[in-house]
Each structure stands twice: as structure tokens, then as C-alpha cells.
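This is what each chain is made of:
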Amino acid sequence: MNNSLNSEKASDHGRTLEVYAKHPKDLKTIVPLKDGIRSIGKALICCSLWMAGQMVAEDEIAKMPRPPLKRWYQSFETGALHQFGTDMDTAGDFGVSRFMARASIGYRKDFLNSTSLSFGYAHTSYQFNALTGPWAPEPWGGVHTMSLSAPIRRSFGSNWMLLAIPSLRTISEDNADLGQSIVGGIITGMSYQVRPGLSIGPGFGVLTQLEDSVNVFPIVLVDWAISKKFKLQTGRGFGASQGPGLVLSYALNDSWNLMIGGRMERFRLRLNSNGRVPNGVGQDRKASVSFGAQYAMGKVGFITLYTGINLSGELELNDASGNEIVATDYDSTPFVGLNASIRF
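If you're wondering where the values come from, they're calculated on a predicted model, not measured in any experiment.

K.L.:
I tried to follow the side chain of Ser104 on my own but got confused; where do I start?
P.N.:
Locating Ser104 in the fold gives a position in strand E4 (residues 93-110). Engagement of the side chain of Ser104 in a polar contact is seen with the side chain of Ser118, the distance being 3.0 Å. In this view, Ser104 contacts Tyr73, Gln74, Ser75, Leu117 and Ser118; residues no more than four positions away in its chain are not counted.

K.L.:
What's the story with the nonpolar core in this structure? I'm lost.
P.N.:
If you look at soluble globular proteins, the nonpolar side chains tend to sit buried side by side. Counting 22 residues, the largest nonpolar core has Phe94, Tyr126, Phe128, Trp135, Trp140 and Leu315 as the members making the most contacts within it. Taken together, the elements giving at least two residues each to this core come down to E4, strand E5 (113-129), strand E14 (256-270), strand E16 (301-318) and strand E17 (324-330). Leave out the neighbours within four places in its chain, and Leu315 touches Met88, Phe94, Phe128, Trp135, Trp140, Gln283, Asp284, Val326, Ala327, Thr328 and Tyr330.

K.L.:
Could you clarify how one ought to interpret the pairing of E4 in this entry?
P.N.:
Residues in a regular strand point their side chains to alternate faces of the sheet. Bridging between strand E3 (residues 72-87) and E4 involves 14 bridges; their strand directions are antiparallel. Residue pairing across strands places Ser75 opposite Ser104, the latter belonging to E4. Sheet topology note: the E4/E5 ladder contains 17 bridges and is antiparallel. Looking at the pairing, Met100 lines up with Ala122 of E5. Hairpin geometry of E4 and E5 is characterised by an intervening segment of two residues between the two adjacent antiparallel strands.

K.L.:
Explain unusual backbone geometry here, please?
P.N.:
A negative phi holds for most residues other than glycine; trans holds for most peptide bonds. Cis geometry marks the peptide bond from Ala136 to Pro137; its omega dihedral reads -5°. If you trace the backbone, Pro137 turns up in the loop between E5 and strand E6 (142-149). Its identity as a non-glycine residue notwithstanding, Glu211 has a phi of 50°, on the positive side. Take Glu211: it is sitting in the loop between strand E10 (198-209) and strand E11 (212-225). Here Glu211 falls in the partly exposed class, since its relative accessible area comes to 34%. Located in the positive-phi region is Asn279, a residue other than glycine, with phi close to 60°. Relative to the assigned elements, Asn279 resides in the loop between E14 and strand E15 (281-297).

K.L.:
Help me out: how do you make sense of the environment of Leu252 in this one?
P.N.:
With respect to the element layout, Leu252 can be found in the loop between strand E13 (245-251) and E14. By relative accessible area, which is 42% here, Leu252 ends up partly exposed. Each C-alpha atom, one on Leu252 and one on Lys229, is 7.2 Å from the other, the two residues being 23 residues apart in sequence.

K.L.:
Can you walk me through the pattern of salt bridges in this structure?
P.N.:
Opposite charge on two side chains allows them to pair when their charged atoms are near. Scanning the model with the defined rule gives six salt bridges in all. The salt bridge involving Lys231 is made with Asp223; its shortest N-O contact spans 3.7 Å. Asp223 gets classed as partly exposed once you look at its relative accessible area, which sits at 34%. The shortest N-O distance in the salt bridge between Arg285 and Glu314 comes to 2.3 Å.

What counts and what doesn't
Residues numbered from 1 in each chain as written. Predicted model: local features only at pLDDT ≥ 70, side-chain atom pairs only at ≥ 80, totals over all residues. Heavy atoms only, no water. Helix = DSSP H or I, 4+ residues; strand = E, 2+ residues; numbered from the N terminus. Polar contact = N/O pair within 3.5 Å; in protein donor to acceptor, adjacent residues only side chain to side chain. Contact = heavy atoms within 4.5 Å. Core = buried A, V, L, I, M, F, W, Y, C linked by side-chain atoms within 4.5 Å. Buried < 20%, exposed > 50% of the residue type's maximum accessible area, 1.4 Å probe, protein only. Pairing = 2+ DSSP bridges. Salt bridge = Lys/Arg side-chain N within 4 Å of Asp/Glu carboxyl O.

Right, dumping it as C-alpha cells:
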């Protein structure tokens, strides 16, 4: 869902200046990310075809009585994720651990119109294990992400809905300059209620990137109650994972839901001035599929346990101006995570 995924980029991966001196330069087309996108698409298409053959969409969900409206509301969410170690194509391996927390306050005029303010923090720890090669010593370690967003929902008439999420973020390694780590933008779109239980519409995102061109990408807003049991939605998806995605859920009963989701993630961070690339930029890009089970604690909140696999990925190290120094693909790898949220 970003410009770098819309075309194949011919570049040299896993090369240092010493390697260039010893070997002639050749072009290598990176395809694992495209393979990951195709795999996610195939999985979601198969699920959609299976459901279409088993059931006819029902409208009873939209007709259910709604609970009394609470104008002001607050929520808190926290989660953790661990990506197991995976081999890099050049040399060595690495793993990732992430912790996140988010607090929000919002006001609802009614069930279709709301404005909220959300502040989030995440700490992502990269554990590199490379004694030699272009990724030794480790290019970065702990990464801090702070975010401020203001999601807005507005209805127009009886069928149209506007969603807008302006945001600001800082993404930086330990002791990096926060002033050089700020990115921001907006994700927005309009959806149309085709019938009770089905809303769909176009949207787009405009996000700045650290030492890179502005990322402009299309999105599709979907909120589809396929039946009493199945629901398909776009959104953040699973807990401590990052990036927009698509989630299909199945309600086992009033308390338990099973979910499957797919997403693309692009993670760029500002490096500190004391590392091997002073004030440079690191990047981690991947495609992933997740499977989860969610337990509803009445009307108070949710607990979600999930696992999945990163189908393909790429690490990249750039200098302070955004010029690529070295990059490498890495193998598919599993991950597990836990997420909890409460609303009051």
C-alpha cells in the first residue's frame, strides 16, 4: 500500500563498498514482497469464495437494538508482539519484540458522528546477530514511536459516512534527534451504505516519510456484516502489529471471535548520531498474515491472542540524506502477540 510496493525496484542488496570493489555490479529485482502480496490476496479471496458459497448475507445484525449512548468515552489499549529470529540473505539473523500502549478520549454526538484524540507509545527492540558482513555491528537497537491522532467520523444524509484520521508521529532510535524524526499525514475516505450491514467506499492516505518522498496510496473502506457470524472490515487489525489491513472475523458466540487478517507494514526510523550511520534512516518492510482469537469482557473491553507469519520482508539502511547504503531480504518468520483493551 505504498509507492515502493507498486513497482519492482532494481537495486543492489547486501553490498558494501568493499563488496563493490571485489565483484562486478549486477542488477537484482526484489520480488519477495510481491509474492507476499499475492499470497495474502489468494488467502482472502479463498475465504470470500467459501463464505459466498455457504451463506446469503443477512440484515438482522443491523436491526438489533443499540445500547444507550454514552456521549463522552475513554479507552486504553496495550499489547506486545514477538517476531522470532529469521535469517537475512546476506549474513546473520535478527528478531523483533514490540510493546505498545494507547490512550484515547472521545465524544459521540450519536452512533454515526464522533471525534476522538489518541496518544500512543511503542517500543520496538531489534536483536541483530551478525558477527561479520554488512549488518555487523548491529545497525540499530531500540526504537521509540510516539503518535498523536484525531480520528473523525461524520455522517452525511442517511447513507454516506466520512472517515478522517490526521496524525503526527516520531520514530527514532535510542538517543536520536526527535526533531528529525517527525512524520505525519492523513488517511481519509468516504463510505456508502449499500444496505443495512454493508458499507463500502474509496479512500486514500498521504503520509510523509523520513528522507523519502511523500507516500500517497489508495485504500478501500469496507464494513460488511456478511451474516450473523461473519464480518469483513478494514482497519488497524491486530494489537501491536502496524499498518492498515483487512480483517475477517467469525463470531463463535457472544464472547468469542476468531479472526484472520492481512496487511502491509513499512517501518522507517531515525538513527542516532553515535551509531555506524550517524543520523541515518533504517527501514523494515514486510507483508504478513495473522490468525487470532478474541474474548469480549462484556461491554468493558477485549483480550486478543494472535499468531501469524511474515511472508517476506526487507531491511534497508540509508545515510542521513536517504541514500541507500545496504539492503537485504529476509526469510519468512512466525510471530505471536497479545492485546488487551478497555473502554469506560
